[in-house]
Amino acid sequence: MKQVFLETHGCQMNVADTDRMEALLFHSGYLRTDAVENADLIIVNTCSIREKAVHKIYSLFGTYRPMKERNPDLILGLTGCLAQQEGENLVKRAPHINFVMGPDGVDRVVEIVQAASTSNEPRIWIEFDKHKEYSIPEIAPLPGQAVSPSAFVNIIKGCDKFCSFCVVPYTRGREKSRTADEICAEARQLIDRGAREIILLGQNVNAYGKRDLDPPVAFHELLYRVAEIPGLERLRFTTSHPRDFTPETVAAFGDLDVLVNHLHLPVQSGSDRVLEEMRRGHGVDEYLGLIQALKDTAPDIEFSTDIIVGFPSETERDFEMTLELMEKVGFSNSYMFQYSARPNTPAADWPDTSSEEEKKRRLQRTIDLQNRLTQEQGQRYLGKNVEVLVEGLSRRSENEGTPRWRGRTPHYWSIQFDDPELKVQPGDLVTVQVEGQRGQSLFGSMMDCHEKNSRKNSVTA
Ligand code: SAH
Ligand code: SF4
Ligand code: F3S
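Along each chain, residues carry numbers from 1 onward, in the same order as the chain's sequence is written. Note on labels: chains are lettered from A, ligands numbered from 1, in written order. Confidence filtering applies because this is a predicted model: local features only for residues at pLDDT of at least 70, side-chain atom pairs given and counted only at 80 or more, and all residues used for totals across whole chains, interfaces and linings. Note that water and hydrogens are dropped before the side-chain values are worked out from all heavy atoms of the structure.

### With respect to the overall build of the protein
To be explicit about the condition: Secondary structure counts use DSSP, requiring at least four H or I residues in a row for a helix and at least two E residues in a row for a strand, with both numbered from the N terminus. Two things to know: the radius of gyration comes from C-alpha atoms, and the globule rule equals 2.2 Å times the number of residues to the power 0.38. The rule is simple: take the accessible area with a 1.4 Å probe, protein chains only, and divide by the maximum for that residue type; under 20% is buried, over 50% is exposed, in between is partly exposed. A contact between two residues is defined here by any heavy atoms of the two lying within 4.5 Å. We score Asp and Glu as negative and Lys and Arg as positive, and we do not count His or the chain ends. Working definition for charges: the position is that of NZ of Lys, CZ of Arg, CG of Asp or CD of Glu.
Within the protein, the secondary structure is distributed over 13 helices and 19 strands. For 461 residues, the compact-globule estimate of 2.2 N^0.38 gives 23 Å, and the protein sits close to it at 23 Å. Structurally, the protein occupies a C-alpha span of about 65 × 55 × 50 Å along its principal axes. Residues counted as buried form 55% of the 461 residues belonging to the protein. Partitioning the intrachain contacts of the protein with sequence separation of at least 6 by distance along the chain shows that 72% fall at a separation of at least 24. Of the side chains in the protein, 55 bear a positive and 69 a negative charge, and the two mean positions are spaced by 2 Å.

### So, the pattern of salt bridges
For clarity, the cut-off: Here, a salt bridge means any Lys or Arg side-chain nitrogen found within 4 Å of an Asp or Glu carboxyl oxygen.
One pass over the full model with this rule turns up 34 salt bridges. Notably, a salt bridge pairs Arg211 with Asp212, separated by 4.0 Å at the nearest N-O pair. In this structure Arg211 comes out as partly exposed when scored by relative accessible area, which is 35%. For Arg234, the salt bridge goes to Glu387, with nearest N and O atoms at 2.9 Å. Of this pair, Arg234 sits in strand S11 (residues 234-238) while Glu387 sits in strand S15 (residues 385-393), and the two are 153 residues apart along the sequence. The class for Arg234 is buried, based on a relative accessible area of 2%. Residue Glu387 is classed as buried on the basis of its relative accessible area, which comes to 6%. Here the salt bridges do not stand alone but share partners, grouping Glu314, Glu316, Glu358, Arg361, Arg362 and Arg365 into one network.

### So, the sheet that holds strand S14 (residues 333-338)
Heads up, the rule is: Pairing between strands requires that DSSP locate at least two bridges from one strand to the other. An axis is simply a line fitted to the C-alpha atoms; with a helix, the fit covers only the stretch in contact. Between two such axes, the angle follows the N-to-C directions and lies from 0 to 180 degrees.
The sheet built from three strands is open, its strands ordered S12-S13-S14 with parallel pairing. Every interior strand has two partners, whereas the edge strands, strand S12 (262-264) and S14, have only one. Neighbour to neighbour, the strand axes of the sheet diverge by 10° on average, direction disregarded. Two strands pair when backbone bridges link them, and S12 and strand S13 (residues 302-309) are joined in this way by three bridges, in the parallel orientation. For His264, the partnering residue across the bridge sits in S13 and is Ser304. With respect to the sheet, helix H13 (residues 356-379) is in contact with S13 and S14, its orientation differing from that of S14 by roughly 175°.

### Concerning the nonpolar core
As a reminder, the rule being used: We call a set of buried Ala, Val, Leu, Ile, Met, Phe, Trp, Tyr and Cys residues a nonpolar core when their side-chain atoms join them within 4.5 Å.
By size, the foremost hydrophobic cluster in this structure holds 71 residues, and its most contacted members are Ile198, Leu200, Leu235 and Phe237. Not counting chain neighbours up to four residues away, the residues in contact with Leu235 comprise Ile198, Leu200, Leu223, Val226, Ala227, Val258, Leu259 and Val260. Listed in part, the 21 residues of the second largest apolar core include Ile42, Val44, Leu60 and Leu90.

### Structural notes on the sheet that holds strand S4 (residues 75-80)
Read from one edge of the open sheet, six strands run S2-S1-S3-S4-S5-S6, paired in parallel fashion. Looking at strand neighbours, the two that pair on one side only are strand S2 (30-32) and strand S6 (123-125), the edges of this open sheet. On average, each strand axis in the sheet is inclined to that of its neighbour by 20°, with strand direction left out of account. Both strand S5 (residues 99-101) and S6 contribute to a ladder of three bridges, which runs parallel. From the neighbouring strand, Phe99 faces S6, where its bridge partner is Arg123. Helix H1 (residues 12-26) rests against strand S1 (2-8), S2, strand S3 (41-46), S4 and S5 of the sheet, and its axis sits at about 155° to S3. In this fold helix H5 (residues 109-118) packs onto S2, S3, S4, S5 and S6, with an angle of close to 160° to the strand it touches most, S5.

### Observations concerning the domain arrangement of the protein
Interface size is often expressed as the accessible area that is lost when the parts come together. Test applied: The domain limits used here are those given by an automatic or database domain assignment.
Partitioning the protein into domains gives domain 1 (2-125), domain 2 (146-260) and domain 3 (385-460). Put simply, the middle of domain 1 and the middle of domain 3, counted by C-alpha atoms, are 37 Å apart.

### Things to note about the pairing of strand S7 (residues 150-154)
Two faces belong to every sheet, and in a regular strand the side chains alternate between them. Most of S7 sits out of view: four of its five residues are buried. Note: S7 against strand S10 (residues 197-201), five bridges, orientation parallel. When the sheet's bridge partners are listed, Asn154 is paired in S10 with Leu201.

### Points about the site of ligand 1
The condition that has to hold: Consider each residue's heavy atoms; a residue with any of them within 4 Å of a molecule or strand counts as near. Two N or O atoms form a polar contact when they lie within 3.5 Å of each other; inside protein one atom must be a possible hydrogen donor and the other a possible acceptor, and for residues adjacent in sequence the pair counts only when both atoms belong to side chains. Per-residue and other accessible areas were derived by the Shrake-Rupley procedure at a 1.4 Å probe size, with only the shown protein chains allowed to occlude residues.
Surrounding ligand 1, one finds 15 residues, the nearest of these being Phe165, Gln203, Gln268, Asp306 and Ser340. Interatomic distance of 3.0 Å between a backbone N/O atom of Phe165 and a nitrogen atom of ligand 1. Taking Ser340, its main chain carries an N or O atom lying 2.8 Å from a nitrogen atom of ligand 1. Protein chains bury 91% of the 540 Å² of accessible surface belonging to ligand 1 in isolation. When residues of the shell around ligand 1 are traced back to their parent elements, those giving at least two are S13 and S14.

So this is what it looks like as structure tokens:
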């Protein structure tokens, strides 16, 4: 078999696309390798969300040039969001690239590889298939490949929100939902093959079903349907948008035992004025109102978020309001970013009002605050029992006699524990007593193994 080296940048959607390409390529005669020097085909699945991510990809592509010079038959492909955004420019910049393909082309990867292998002319496929329904037809799993205990299922692609700073609507196109039947069938198949947790995936999951879905199914209805699948222990979704959050979805957190009490809900800023400039479509009060409604429904719920600092026109006062909001909600975790001007986005043309130094300082202050909030939240678990879904061996255990496992609590804390009696397997639900915390990670001792407990109140004194 020929060998393909696949490299993924960016978000979980790209990870899912890479997995799909791996499976499609396998069935056409390519086996995935971790050794780039053995590859007949190299595909870099790219991201363009921030400038830093793009720099990384450009420098990486330079490193493949000598390999291509040594082996002219080597095929080099660039897929994903940067490929979509830059198209032909990439080939002009790096003529050793054989093909450039946007995210909508993933299912045609075999075709484009074949086309690239029969001609030296670089291929560029960056059309959006505007009329086609969004479907991910089932393909045979790779032989011997285990399903992760926590498995992602795409439910919607694209984004129609057009936040003023974001490239995603341009790189992933319009929102399109998969049918509920197809989603449930995939989730069922993953559970049959060993998944215990399903994470519904999309840039905007709660816009699910809002357009062109036949028969129409609302996001909360999808949650209820997936929750019924026998064998499912935990259900999550990411990423949802505050603007599309319905009371019915809030109610689902009360109704569905398998829907865990953790929600990643990006807020970006704590200033109404900045939120308006960002075109997020909601203000601070609406965000806090939603958080409160969720807390009323599921009192032990925890939240994580995304924050941008240094957005054009953000003042020191605006920034302080972001810190105040973070404190008010008490996020257990935040992904914090310095604003990065991106091509084609409206905000890229707006005057940058804070210096690089100022942006860095603001970023550091959000990080410091979040570290404290995470610390405070984590301390509350000390001495308590938590239910852990075991995902795999922790890196630390690889050189030791006693296996050390890593997993997640329902509230998405990463946790590690030892298994001196060799009782545990990936996919097990075990009870662990929390003994310590290091940043976003907890560690503890296993109290009980093979426990099947899908009740939400899984933290006990
Ligand atoms: N669809 C999700 C998030 C998509 S991108 C949502 O709307 O919430 C993930 C995160 O990257 C965003 O939430 C935002 O915080 C950050 N991000 C996106 N564009 C950015 C930019 N131009 N500069 C800095 N951060 C950005
Ligand atoms: Fe980007 Fe906004 Fe869409 Fe999220 S909702 S992907 S931030 S445009
Ligand atoms: Fe990056 Fe595209 Fe995801 S820009 S974050 S890979 S949707």
